[in-house]
Number of protein chains: 2
Amino acid sequence: MRKEFRYPELAPYAKGEKPAGVVFKHAKVFCVFTGELLEGDLACQDGIVVGLGSYTGEKEIDCTGKVLVPGLIDAHLHMESTLVAPSRLIHAAARFGTTTYIMDPHEAANVAGMDGVSYLLEDTKDAPGNVFAMLPSCVPATAFEDNGCVLRAEDMEPYRDDPRVLGLGEVMDFPSVVSCEPSMMEKLALFQGRVIDGHAPSLTPKELQLYALAGIATDHESTTFADALEKARNGMQVLIREGSAARNLDTIVRGLVESGTELSSFSFCTDDKHIEDICREGHISYCVRRAAALGIPMAKAIQMATLHPARAYGLSHLGRLSPGAQADIVVLDDFDSFSIHSVYYRGKPVGEYPLCPVKPKDALCRTVHLAPLEESAFRLRVGEVSDGIGIVPGEILTRHVRARLPQQDGIFIPDAQWNKIAALERHHATGKIAVGAVTGFGLRGGAIASSVGHDSHNILVVGDNDADMLLAVRELERTGGGYTVVSGGQVRKTLALPILGLMSDRPHEEVDAAVKEMTQMAYRMGVDPGISPFITLSFLALPVIPALRITPRGMFDVETFSFCREVEDGSAG
Amino acid sequence: MRKEFRYPELAPYAKGEKPAGVVFKHAKVFCVFTGELLEGDLACQDGIVVGLGSYTGEKEIDCTGKVLVPGLIDAHLHMESTLVAPSRLIHAAARFGTTTYIMDPHEAANVAGMDGVSYLLEDTKDAPGNVFAMLPSCVPATAFEDNGCVLRAEDMEPYRDDPRVLGLGEVMDFPSVVSCEPSMMEKLALFQGRVIDGHAPSLTPKELQLYALAGIATDHESTTFADALEKARNGMQVLIREGSAARNLDTIVRGLVESGTELSSFSFCTDDKHIEDICREGHISYCVRRAAALGIPMAKAIQMATLHPARAYGLSHLGRLSPGAQADIVVLDDFDSFSIHSVYYRGKPVGEYPLCPVKPKDALCRTVHLAPLEESAFRLRVGEVSDGIGIVPGEILTRHVRARLPQQDGIFIPDAQWNKIAALERHHATGKIAVGAVTGFGLRGGAIASSVGHDSHNILVVGDNDADMLLAVRELERTGGGYTVVSGGQVRKTLALPILGLMSDRPHEEVDAAVKEMTQMAYRMGVDPGISPFITLSFLALPVIPALRITPRGMFDVETFSFCREVEDGSAG
């Protein structure tokens, strides 16, 4: 990748012949290469660090007593999961010192392919953060999904050399790697010599070596130190994950500290962290502070959030404050406690960047396409013993239950214990619908539905009567996607998520408030308070996590990796 | 750069479904990422590491009690300086564990441009080592040289994406960087995003920052720890140099040990190390052992010779023994003493690679082109006071002497104190010749001449009579370049260096013996035993090192950066 050559225009400022645009006067500057605090005036011009020494500037910022560190890097995240436009996430996290994001936009890609990816890049282009994309490798997640778009190697090739594309996104489909499945091989081949992200929970040592042999260079799925260490031994960069739900930092960092392992193979990421959690405890800044609290020297913890991921992703202008680096700067009141005074992106305070989310192309706001639908489509014929999904509170995995379901004349009748669940293909109006039974949800007198359903993002609806389920689906058809709560034949509340059926166009505070209100409604309708109804629902279609799932093609047994036998009249097919 | 994707063909060997080509059984394998020694069988197929575990192989090598480390990397060197074909250097150093060479072929380029560079790449293609080129940035070294070829950015562009070209070679012309000289800017611009090597002895802190701002990412010219540290602070990779003449390792490593500086910005290089020195004390292996002896932990010293330079030059398949890495392996009898048992390149013992230097294209062996020349061309008219070069034993720099030279009728007559020296353009038969006086050489009764003359490699001849000087030059014209000793009207001995006028096509033992014999001859002819006559001669034309030099255009005052005033009849012009 050829980079822009700015030197001739910057040299006069570096030499001090002209006053630099911004000078951070009397600063201590953290050197990520040597771990030292260097003293001087840090001069920046056109958003680039040009020198440390004695400088005058057009604008001078007194940094007496302050320490400057490079903007932090989130080495892996999915921006769509916040339910808001990604630019809003950048603005929220920028205040906490994160200025670089390496995203895997695979939710958007599952709905709209590269158009979805391009929207995320476009929406974040003018935000106070560098946003890079790893092109999603597993869209759809499995071969038998009904998602919005198939991303093949040839679809990615035109984007391969885009300066904001760093490589291939997390390779979740490990079986395809092991079996050398041709379309996976094409994708891996296309990105040899670039970074390929992994997703390797609990592989055997030999499987992990195969994964490394295929050129997969990072992983963010370690939940134990032993697993993380094994990945580092194989030359992978370990992205220690600390998000809203998955919190692996304490375990891994404790292992690093106890073993004294060399840290250059370790970085931080959030994977999925909601804006409200960022606002409460910080973003990558939280990782830095927490790692230091657990015994990593602060200088090393900062390297893990700056230099290490920059090296792993080949970003030689980021994660450092040496001449030529981008002037993404976190000003600390105090180094040891990493207390943030202010944050600069390209030499300008992050608060001075206007928040102006991009309006997506119309097609990206019309992604819910259903075939004509009647209430009878929700009828479920059952036998003596049927398959049912068992919710496990606090977990994404489910139980595969075999039981006699409540019924009348062979037709399933939901009750306090058993709800009905349906998955409806929503991208291409194919009319595919599967209906099944779920226990542990506890909903009574209505239905809730969502167009967020990992990873294919079809419509999922759970309820205890077909009329409300149908109404909930029709409501999401009307709003172009979202969350909705229906009871007694009325829509009680809807959070519209018109952008790809995944994201709102409203501020995150509004969205958070709506989710909270609707969650409370669901609890009042009997939903087990141990589960988060919309998040639990959104994972019930993910056919790569045990044990039983539902997709528009039917109930899927993850353990045998096949669809459950359909009952005789095909109503579940 | 797209890399070859070998995974599908290698996977069956990694899985153990097929016996791997070579398995290093019962080995301890040094992990450059974690610093650990991992135990198991290291399986290699088609020259690539495929796994560490329990493996059977077509060929099995018992490594009980042995430690495997990655092949070592020489991060910067000039191969032409050995006077032999570069493949011979690779073969000699391979036995000492070096398997990767990052060369700056600027001697060859000064004679024959990219054809010269291509010869070096071609000659080393099948040798037991990975040879990469940094394209020479300063050919010619200054704007007023008469070398064989000008390398402009546009000449390099077609080679920029060659898989064996990593970036731009050492940027020696610092003034052109500071002044934003256009042709230098074009070269730097062409290689933004690739590695650009530096050459920055004794720059001021501000100059060094400018250098880093221009994208220059490495340096091998540090002679003090303070200078090395300053470069690391600016984000440069410091290549600690330990060659035949320039030996900077002890000083820098002592500083690293005393200060406890983080080592990830430090690597090793030789720059120029003669084969006889390699055979005597080792190559990069010597750096590893010496650094360890000075207090760097052995694991870190090995990282400095493997992982660090591999990262700095973006060679993610080298400097490690993890799956997917090239099987360049040093087998140690003992880790702590780094005692080498055997060396493998692409999974095969280095001794099994045949030494078969490539025959250069005819044009590369006919690079000495002189205009018709008469003895009278060597006549030097002098005045009352003349400029003369003063040799400083043991140094490359010279003194600028102003003195009354021995003379008769205004014509210089060499004596015991003052020799005559001439520089003759030899690339394009322009007939340019400059004649001057030199003191401190001490040659009597003859002449010695060389076609190796940094950096433009014109012919240099020193002597005390015009007839022998002419004969010496004609002898080098006949042999297509070389070293020669002439006395009493007879050629006493010549070492032909027909390849570009820089390299012999004979084994290094023969070449070394010839140089030794001719050096003794020179001493017997009165040359000061404190100087190495051919090496001293070869540096007398280098117009970037103080104080006075001679080029075919005249005597050059490096301090004023201008040619000395010519005497009236123009014989020095």
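Bear in mind that the values here come from a model prediction, so they are computed numbers and not experimental data.

Caption draft 1: Representation of the environment of F30 of chain B in the model. For F30 of chain B, the location among the structural elements is in strand β1 (residues 20-30). Non-local contacts of F30 of chain B, meaning those with residues more than four positions away in its chain, are made with G35, E36, L37, L68, V69, P70, A299, I302, Q303 and F335 of chain B.

Caption draft 2: Focus on the pairing of strand β8 (residues 130-135) of chain B. Residue and element names in this part refer to chain B. Counting buried positions over the 6 residues of β8 gives 6, a clear majority of the element. Covered by surrounding structure in β8 are N130, F132 and M134 together with V131, A133 and L135, the residues of both alternating faces. The parallel pair strand β7 (residues 98-103) and β8 is bridged by helix α3 (residues 106-123), and the resulting crossover is right-handed. Two elements, β8 and strand β9 (residues 165-171), share 3 bridges in a ladder whose sense is parallel.

Caption draft 3: Structural detail: the pattern of salt bridges. All names here are of chain A. Applying the stated criterion to the full structure yields 66 salt bridges over all chains. A salt bridge links D271 to R241, with the shortest nitrogen-to-oxygen separation between them at 2.7 Å. Taken together, the residues span a long stretch of sequence, with D271 in the loop between β13 (266-269) and α10 (275-281) and R241 in strand β12 (residues 237-241) at a distance of 30 residues. Both residues of the pair, D271 and R241, belong to the buried class. R444 is paired through a salt bridge with D464; the nearest N and O atoms lie 3.8 Å apart.

Caption draft 4: The arrangement of the relation of the copies chain B and chain A in detail. You can overlay chain B on chain A at an RMSD of 0.1 Å; the transform is a turn of 180° with a shift of 0.0 Å along its axis. This pairing of chains is accounted for by a two-fold axis. A share of 100% of interface residues in chain B that are also interface residues in chain A marks the association as one of identical surfaces.

Caption draft 5: Layout of the interface of chain B and chain A. Taken together, the contact between chain B and chain A spans 54 residues of the former and 54 residues of the latter. Between chain B and chain A the total buried area reaches about 4700 Å² when both faces are included, carbon and sulfur atoms providing 57% of it. Between chain B and chain A we count 4 salt bridges in total. The shortest N-O distance in the salt bridge between K300 of chain A and E262 of chain B comes to 3.2 Å. Summed over the shared surface of chain B and chain A, the result is 14 residue pairs in polar contact (both at pLDDT 80 or more). Those elements that place two or more of their residues in the side of chain B that touches chain A are α1 (7-14), β3 (48-53), α5 (174-178), α6 (182-190), α7 (205-213), α8 (225-233) and α12 (298-305) of chain B.

Caption draft 6: A look at the environment of G436 of chain B. Residue and element names in this part refer to chain B. Here G436 is to be found in strand β22 (residues 433-439). Here the alpha-carbon distance between G436 and L380, two residues 56 residues apart in the chain, equals 7.0 Å. For G436, the residues in contact, after removing those within four places along its chain, are L380, F412, N419, K420, I421, I550 and M555.

Caption draft 7: Geometry of the confidence of the model for chain A. Residues and elements named next belong to chain A. The share of residues in chain A with pLDDT of 70 or more is 98%, and the mean pLDDT across the chain is 95. Considering only residues more than four positions removed or in separate chains, one finds that residues 567-573, a stretch of pLDDT under 50, has 15 contacts. Among the scores for the predicted complex, ipTM is 0.93 and pTM is 0.94.

Caption draft 8: The arrangement of the pairing of strand β14 (residues 329-334) of chain B in detail. Residues and elements named next belong to chain B. Two strands pair when backbone bridges link them, and strand β5 (residues 67-70) and β14 are joined in this way by 4 bridges, in the antiparallel orientation. Residue pairing for β14: V69 is matched across the bridge by V330. Both β14 and strand β15 (residues 339-345) contribute to a ladder of 5 bridges, which runs antiparallel. Residue pairing in the sheet places L332 in a bridge with I340 of β15. In textbook terms, the turn of a hairpin is the stretch between consecutive antiparallel strands, and for β14 and β15 this stretch comprises 4 residues, one of which, F338, has a positive phi near 50°.

Definitions and cut-offs
- Residues numbered from 1 in each chain as written.
- Chains lettered and ligands numbered in written order.
- Predicted model: local features only at pLDDT ≥ 70, side-chain atom pairs only at ≥ 80, totals over all residues.
- Heavy atoms only, no water.
- Helix = DSSP H or I, 4+ residues; strand = E, 2+ residues; numbered from the N terminus.
- Contact = heavy atoms within 4.5 Å.
- Buried < 20%, exposed > 50% of the residue type's maximum accessible area, 1.4 Å probe, protein only.
- Right-handed = clockwise from strand over helix to strand, strands pointing away.
- Pairing = 2+ DSSP bridges.
- Salt bridge = Lys/Arg side-chain N within 4 Å of Asp/Glu carboxyl O.
- Least-squares fit on C-alpha atoms with pLDDT ≥ 70 in both.
- Buried area = accessible area lost by both parts, 1.4 Å probe.
- Polar contact = N/O pair within 3.5 Å; in protein donor to acceptor, adjacent residues only side chain to side chain.
- pLDDT = per-residue confidence, 0-100.

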